[in-house]
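Listed below, chain by chain, are the residues.
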Amino acid sequence: GTSSVPVLTSPPVASGTYGRLFAAYAIRATGFPTGFSASGLPPGLTLNPTTGVISGLPTAAGTYTVTLGATNESGTGTATLSLFIAKA
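All figures in this text were calculated on a predicted structure; none of them were measured in a lab.

A. Expanded view of the side chain of Asn72. Along the chain, the position of Asn72 falls in strand E6 (residues 62–72). Only 2.8 Å separates the side chain of Asn72 from the backbone oxygen of Ser4, close enough to count as a polar contact. Sequence-distant contacts of Asn72, defined by excluding residues within four places in its chain, comprise Ser3, Ser4, Val5, Pro6, Gly31, Phe32, Pro33 and Thr34.

B. Spatial organisation of the sheet that holds E6. Reading across the sheet, the 4 strands line up as E1-E7-E6-E3 and stay open at both edges, with mixed pairing between neighbours. Sheet topology places strand E1 (13–17) and strand E3 (35–39) at the edges, where each strand pairs with a single neighbour. Averaged over all neighbouring strand pairs, the angle between strand axes comes to 30°, with direction disregarded. By the bridge criterion, 5 bridges tie E1 to strand E7 (residues 75–86) in an arrangement that is parallel. Bridge pairing in E7 places Ser15 opposite Phe84.

Cut-off values and rules
Residues numbered from 1 in each chain as written. Predicted model: local features only at pLDDT ≥ 70, side-chain atom pairs only at ≥ 80, totals over all residues. Heavy atoms only, no water. Helix = DSSP H or I, 4+ residues; strand = E, 2+ residues; numbered from the N terminus. Polar contact = N/O pair within 3.5 Å; in protein donor to acceptor, adjacent residues only side chain to side chain. Contact = heavy atoms within 4.5 Å. Pairing = 2+ DSSP bridges. Axes fitted to C-alpha atoms, helices over the stretch in contact; angles between N-to-C directions.

Structure follows, in structure tokens:
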């Protein structure tokens, strides 16, 4: 293949509110990624590893540092997302 390692292009900051549906955040990256990862997500949020969409119902307020990843045949690119969950 000719792809290079993905470079994440999604916003580095996102926010939501405790107990309210988190509007889907999508991990975006160059290089046609075939899979996505996210570690350190707030409780209640999940990642769809195929689409890169993070969604769910946050069950704890706070500021979370989430490590995002996007993978293709050349490797994995990572970036940090600061995710703020406000008290309701």
